[in-house]
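Report on the structure
Below are the chains, spelled out letter by letter.
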Amino acid sequence: MTAARLTAEERGRIASGLADGLGYAEIARALDRPTSTVSREVARNGGRRGYRAEHAQHATAWRARRGAASPVEPPSFPDSHGRDPAAVRDYADRFAAMMVRAGLPRMAARVLAWLVTTDSGGLTAAELVGRLQVSPASVSKAVAYLEGLEVVEREALGRRERYFIDDDVWLRAWLASARTNATWADTARDGARVLDPGTPAGARLARMSRFFATVTDDMTASPGATVRDDAVTVLATLAVADPAAVDRVAGSLGWEQDRVDAVRELLRQRTP
């Protein structure tokens, strides 16, 4: 079969194959298509869990109309450094699909993937529209969502806006995740008390509380951890942040001042 666009029937067969748990290669063989064609199709249209044949068909038609109405961005980007643009775009699609599987909305995942894979770490709304081939409203909505997660910031450039991720974005995401897990643990603990741990539902919530409490301790270091363990945690965050991150970490994790001072002293001793 030639490299023509996928038909609505083929997209329906892809959706059926995914629902049956088939792999990309198996679906591709049934369609007599390259495996990469199927994997890109799924990645661009919601990933394994979110793929819908009808939605994919409409989205492809919309992109085709948009391409006919206005010129598409050239295949190379100002910060490409000689990279293969197709390979970069394919990786950004796969990265976004991974984040969608982890629970991030599809458009937010696509915007974040492009920001992460751009050397400058920042793009204007127009640049994102060009790379993603979507409407400005879609980009704006996705950026607002990511701002709520504190992983994207914006700056004004005259009448335009530029969206970017900074060096401690992963530190903030890590701390936010730790706080979320602690909230899960506290809420489940309250539920166990309300429902009585001696009942099946109460026991289930008690186990849930212990699980999330353990995850939180693993992420933030439990109260009984040694100063050396604390230092390892701080050093890990400093790898992606600046020295002032120590204060932010200490405040977010609720460390006592003597614990912070002990960590600073250990870090001072290790610094040449």
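Remember, predicted model here, so these are calculated numbers, not experimental data.

Let us now look at helix 2 (residues 24-31). Where helix 2 is concerned, the buried positions are Ile-27, Ala-28 and Leu-31. In an axial view of helix 2, the angular spread of the buried residues amounts to 100 degrees, which keeps them on one side of the axis. Those residues of helix 2 that are buried lie in contact with helix 1 (8-19) and helix 3 (35-44). The positive-phi residue at the C-terminal boundary of helix 2 is Asp-32, with phi of around 60 degrees.

Moving on, we get to the packing of helix 7 (residues 106-116) against helix 9 (residues 136-148). Across the interface, helix 7 lies against helix 9 with an axial gap of 8 Å and an inter-helix angle of 85 degrees. With respect to helix 9, the axis of helix 7 lies roughly perpendicular. Seen from helix 7, the contacting residues are Met-107, Ala-108, Val-111 and Leu-112; seen from helix 9, they are Ser-138, Ala-142, Val-143, Tyr-145 and Leu-146. In terms of residue class, the contact of helix 7 with helix 9 is made up of eight nonpolar, one polar and no charged.

To continue, consider the packing of helix 1 against helix 2. Contact geometry for helix 1 and helix 2: axes closest at 10 Å, N-to-C directions at 145 degrees. By crossing handedness, the relation of helix 1 to helix 2 is classed as right-handed. Residues Glu-10, Arg-13, Ile-14, Gly-17 and Leu-18 of helix 1 touch helix 2, and the partners they reach there are Tyr-24, Ile-27, Ala-30 and Leu-31. Broken down by class, the residue content of the contact of helix 1 with helix 2 amounts to six nonpolar, one polar and two charged.

Let us now look at the layout of surface pockets. Considered as a void within the structure, the second largest pocket measures approximately 370 Å³ in volume. Along the walls of the second largest pocket sit 16 residues, with Leu-104, Leu-112, Leu-149, Val-151 and Ala-173 positioned nearest its centre. Elements with a minimum of two residues in the lining of the second largest pocket: helix 6 (85-101), helix 9 and helix 10 (169-195). The biggest single contributor to the lining of the second largest pocket is helix 10, with four residues. A per-class count over the lining of the second largest pocket returns twelve nonpolar, two polar and two charged.

Now for the confidence of the model for the chain. Summary statistics for the chain give a mean pLDDT of 77 and a share of 70% for residues scoring 70 or more. When pLDDT is averaged over each helix and strand of the chain, the minimum, 52, is found for helix 12 (residues 227-238) and the maximum, 91, for helix 7.

Our focus in this paragraph is the pairing of strand 3 (residues 160-164). Here three bridges tie strand 1 (residues 122-124) to strand 3, and the two strands are oriented antiparallel to one another. What sits directly across from Leu-123, in strand 3, is Tyr-163. As paired strands, strand 2 (residues 153-157) and strand 3 are joined by five bridges and run antiparallel to one another. Note that in strand 3 the partner of Arg-154 across the bridge is Tyr-163. Here strand 2 folds back onto strand 3, and the loop between the two strands holds two residues, one of which, Gly-158, carries a positive phi near 70 degrees.

Let's shift gears to the packing of aromatic side chains. Under the counting rule described, the total for this entry stands at three aromatic pairs. For the ring pair Trp-184 and Phe-212, a centre distance of 5.1 Å and an interplane angle of 20 degrees mean the geometry is stacked. Of this pair, Trp-184 sits in helix 10 while Phe-212 sits in helix 11 (residues 200-220); the two residues are 28 residues apart in sequence, bridging distant segments of the chain. The class of Trp-184 is partly exposed, set by a relative accessible area of 44%.

Time to look at empty space enclosed by the protein. Under the counting rule described, the total for this entry stands at two cavities of 30 Å³ or more. Approximately 40 Å³ is the volume found for the second largest cavity. In this structure, the second largest cavity is lined by Ala-43, Gly-46, Gly-47, Ala-96, Ala-97, Val-100, Arg-106 and Arg-110. Put simply, the parts of the chain that give the lining of the second largest cavity at least two residues each are helix 6 and helix 7. Examining the composition of the lining of the second largest cavity, we find that three residues originate from one element, helix 6, more than from any other. For the lining of the second largest cavity, the class distribution of residues is four nonpolar, two polar and two charged.

Structurally, the position occupied by Val-38 is in helix 3. On the basis of relative accessibility, which here comes to 0%, the residue Val-38 falls in the buried class. In the structure, Val-38 is positioned twelve residues away from Glu-26 in sequence and 9.9 Å away in space, judged by C-alpha atoms. Apart from the residues within four sequence positions on either side, Val-38 is in contact with Tyr-24, Ile-27, Ala-28 and Leu-31.

This paragraph deals with unusual backbone geometry. A positive phi angle is found at Asp-32, which is not glycine, with a value near 60 degrees. The residue Asp-32 is located in the loop between helix 2 and helix 3 in this model. Backbone geometry at Gln-133 places phi at a positive 55 degrees, although glycine is not the residue there. Summarising the element assignment, Gln-133 is placed in the loop between helix 8 (125-132) and helix 9. Residue Gln-133 is classed as buried on the basis of its relative accessible area, which comes to 18%.

Quick notes on the rules
- Numbering of residues starts from 1 in every chain and runs along the sequence as written.
- A pLDDT threshold of at least 70 governs which residues receive local features in this predicted model, and a stricter bar of 80 or more applies before side-chain atom pairs are shown or counted, although totals over entire chains, interfaces and linings include all residues.
- To get the side-chain values, take all heavy atoms of the structure and skip hydrogens and water.
- Think of it in three bands: with a 1.4 Å probe and only protein chains considered, a residue is buried below 20% of the maximum accessible area for its type, exposed above 50%, and partly exposed in between.
- Numbering of helices and strands starts at the N terminus; helices are DSSP runs of H or I of at least 4 residues and strands are runs of E of at least 2.
- Arc, as used here, means the arc of the directions from the helix axis to the C-beta atoms.
- Only heavy atoms matter for contacts: two residues are in contact if any of them lie within 4.5 Å across the pair.
- Between N-to-C directions, angles span 0 to 180 degrees; the directions come from axes that are lines fitted to C-alpha atoms, helices contributing only their stretch in contact.
- Here the word oblique covers every angle except those under 35 degrees (roughly parallel), over 145 (roughly antiparallel) and from 65 to 115 (roughly perpendicular).
- All amino acids are sorted into three groups, where Ala, Val, Leu, Ile, Met, Phe, Trp, Tyr, Cys and Pro are nonpolar, Asp, Glu, Lys and Arg are charged, and the leftover types, Gly among them, are polar.
- By definition, any crossing whose near helix is turned counterclockwise from its far helix by less than a right angle is left-handed, and any crossing with a clockwise turn is right-handed.
- Here the term cavity refers to a set of points on a 1 Å grid, laid over the protein atoms alone, in which a 1.4 Å probe fits but cannot get out; the term pocket refers to an open set having protein on both sides within 12 Å along at least five of seven lines, with lining residues being those that place an atom within 4 Å of a point.
- Grid points are joined across faces, edges and corners, and a volume is the space filled by probe spheres set on the points.
- Note: pLDDT gives the predictor's confidence per residue, expressed from 0 to 100.
- Strands pair, by our definition, only if DSSP identifies at least two bridges between them.
- Geometry of aromatic contacts follows a simple scheme: Phe, Tyr and Trp rings, the Trp one being its six-membered ring, pair when their centres are within 6.5 Å, and the pair is stacked under 30 degrees between planes, edge-to-face over 60, tilted otherwise.

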